[in-house]
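The lines below spell out each chain.
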Amino acid sequence: MYLTDQEKKMLDGKAGEAVRLAMSILVDLGQGIGAAEMVAIEHVHTDSGFYVGDAGLEFVEHLAALGGKVRVPTSMNNTTYDIERCRSYGVPSALAGKIRRLEKAHLAMEATPAWTCAPYQDGILPKSGSMVAWSESNAIVFANSVLGARTNRTGDLVDICCALTGRAPKTGLYLNENRLADIHVTFDNMPAEAFGDARFYPLLGYAIGKQCGNRVVAISGIPKDVSMDHLKGLGAAAASSGATALFHIVGVTPEAPTLEACLNEEQPTRDLRLSPKDIHQTSAVLCTAENDQLDWVGLGCPHFSRDEFNELVACIHGRKVHTDIEATVFTSRKIRRWADTAGVIEQLTQAGFQVYSDGCLLTYPQFINRSGTMMTNSAKAANYIYSQSGYLAAYGSIRECVESAISGKIMRERPSWMGF
Amino acid sequence: MDGILNCKVLTSGIGKGELLVTHQSISLWGGVDPARGIIDDPRHELFERSISAKVLVFPYGKGSAAAPLVMLELIKQGTAPAAIVNEETDPLLVAGPIIGRHFYKQAIPVVCLDHDNFVMLKAGQDAIVDGERGEVVIFP
């Protein structure tokens, strides 16, 4: 693997022990996955502040103790729990203390405490064509697809190594030739109403991830006015059911002005035609709820946007959540502050919704309710909450989630565009 | 089958154990419990099966970018697989073992086989994944 003089110095320890360790890991990784050289990156979004056990904590504390500092602007992904408020939902003090240690180590390394899985909603928007190293599967797919920035699926702990060195192994999606689609997704008898329905996009993403694995896909037939929240839901779902890191939407996303511009013509491409029936089948796989019984409504996976908050408040319309139902929303610190100033938090609190920041919706129930049935507007959440904690899940729109929270039982309507 | 298969080495080391084979992809985060070293995704065909000390064979990784965190935790807890054999390279799966080698001084080889060899692997046989020589040795 070719290294510049500066990179060799980092590897030799001339820029300090933390940089030496970080660069050693990146060089081994680069050699393993066949990188010819490193790429200089402009920004890192790191998930190294997520707690799954002491190993990650030990590693980042080690880097911080060695004097590691980020070399490029670095934003923090969400951590496991709300740093300020997690004791209120049962997180034991010893565990909350470990989250504080992760925070301390990353602040010492001079990372920015954004604590969000949707940095693109916080104004963290790398320019089209810029080289970045992002973690968090939904943020990765959004950066590549919607922003046109370039990142691989960087991975936790590798991301902090990229931050300390300003480098990443130059493979995969950093290279032009790997950004072309080899699967073309089109629609078979999909009614126009589907494209105006927020429920459609995460289901579409889930189906694409499931059928296309780690391939780059081009999607034709999606209207130009598709919203950021729709694209967020599509990408998050595709990255959870598969390993999607880049999709193109013809006529919409920056690298797909035309189909020809984003399709790989060097090799045969595969056509994937999706019908309402395919989307219905996806919906059936995701919905693990066995009846209309409901315990928890969880929103904000990825973190809730301003538009989603406005929709939520409008749907609640002054009513109150059923006394048997827990209702929670996760968002970033920045958007929570906006919601506070805008009076949204007060309205939601009065209605019976709790609004948390910093943390992850999926780890929320660990210490309060270890089983039950939840409802969410996120296909990603419906997928992981079941696979990870056995929580049964129903999937629906924000409006359906609100109606369910208020009535105390799952209220869903099959979309007319799904047929049957 | 038995014999010696050539493989592409993504991260070196030597691992020995029983083959645990699935043709479904695996998301380490949200799919594996690092404390117990078992597959905890009820939708997965290996649900409730232990991956500890096994030669874990699956086509490619999927899902969350937290895979390296889960792998490092598996290494720390002593519940990690002995080796990983894939058909397609996934940098997220390689990263955890590399960090583990630097930080915990423990090597878990990750290798890739071409399709024809990959589909020959059968669960229950013993194997050595030799990331130094670039070979997967299957015992009868």
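Residues numbered from 1 in each chain as written. Chains lettered and ligands numbered in written order. Predicted model: local features only at pLDDT ≥ 70, side-chain atom pairs only at ≥ 80, totals over all residues.

The next subject is the domain arrangement of chain A. Reports of interface size often rely on the accessible area that becomes lost once the parts have come together. All names here are of chain A. Once the domains are mapped, chain A shows domain 1 (5-175), domain 2 (180-275) and domain 3 (287-418). Distance from the C-alpha centre of domain 1 to the C-alpha centre of domain 3: 29 Å. Residue-level contacts link 19 residues of domain 1 with 17 residues of domain 3. For the side of domain 1 that touches domain 3, a count of residues per class yields 9 nonpolar, 7 polar and 3 charged. (Domains from an automatic or database assignment. Contact = placed C-beta atoms within 7 Å. Nonpolar A, V, L, I, M, F, W, Y, C, P; charged D, E, K, R; others polar.)

With that out of the way, let us pick up the interface of chain B and chain A. Across the contact, 33 residues belong to chain B and 36 residues belong to chain A. Only strand S2 (8-11), helix H1 (67-77) and helix H2 (91-103) of chain B provide two or more residues apiece to the side of chain B that touches chain A. Of the residues that constitute the side of chain B that touches chain A, the class distribution is 19 nonpolar, 9 polar and 5 charged. (Helix = DSSP H or I, 4+ residues; strand = E, 2+ residues; numbered from the N terminus.)

Residues and elements named next belong to chain A. As a packed pair, helix H3 (residues 54-65) and helix H4 (residues 93-108) sit with axes 9 Å apart at the nearest point and diverge in direction by 30°. Judged by the angle between their axes, H3 and H4 are roughly parallel. The handedness of the crossing between H3 and H4 is left-handed. Every residue of H4 that contacts H3 at Leu57, Val60, Glu61 and Ala64 is listed here: Lys98, Arg101, Leu102, Ala105, His106 and Ala108. When the residues that make up the contact of H3 with H4 are grouped by side-chain class, the tally is 6 nonpolar, 1 polar and 3 charged. (Axes fitted to C-alpha atoms, helices over the stretch in contact; angles between N-to-C directions. Parallel < 35°, antiparallel > 145°, perpendicular 65-115°, else oblique. Left-handed = near helix turned anticlockwise from the far one by under 90°.)

This paragraph deals with the nonpolar core. By size, the foremost hydrophobic cluster in this structure holds 185 residues, and its most contacted members are Ala22(A), Leu63(A), Val217(A), Ala393(A), Val55(B) and Val70(B). Looking at this core element by element, the count peaks at 9 residues for helix H2 (residues 17-32) of chain A. Each residue touching Ala393(A), except ones within four places of it in the same chain, is listed here: Leu286(A), Cys287(A), Thr288(A), Ala289(A), Met374(A), Thr376(A), Ala382(A), Ile385(A) and Tyr386(A). (Core = buried A, V, L, I, M, F, W, Y, C linked by C-beta atoms within 7 Å. Buried ≥ 20, exposed ≤ 12 C-beta atoms within 10 Å, placed from the backbone.)

We now examine the sheet that holds strand S4 (residues 132-134) of chain A. Residues and elements named next belong to chain A. The 3 strands are arranged S3-S2-S4 in an open sheet whose pairing can be described as parallel. Unpaired on one side and paired on the other, strand S3 (74-76) and S4 mark the two borders of the sheet. Geometrically, the sheet is characterised by an average inter-axis angle of 10° between neighbouring strands, direction not taken into account. In this structure, strand S2 (residues 43-46) lies alongside S3, joined through 3 bridges in parallel fashion. Counterpart to Val44 in the pairing with S3 is Thr74. Packing against the sheet, helix H6 (residues 158-165) makes contact with S2, S3 and S4, and its axis sits at approximately 150° to S2. (Pairing = 2+ DSSP bridges.)

Residues and elements named next belong to chain B. One open sheet holds the 8 strands; their spatial order is S1-S10-S9-S3-S6-S7-S8-S2, and the pairing between them is mixed. Either end of the sheet is taken by a strand with one partner, and the two such strands are strand S1 (3-6) and S2. With direction set aside, neighbouring strand axes in the sheet form an average angle of 30°. In this structure, strand S3 (residues 14-21) lies alongside strand S9 (residues 126-130), joined through 5 bridges in antiparallel fashion. Bridge assignment links Ile14 to a residue of S9, and that residue is Asp130. Docked against the sheet, H2 engages S2, strand S7 (83-86) and strand S8 (110-112), running at close to 60° with respect to S2.

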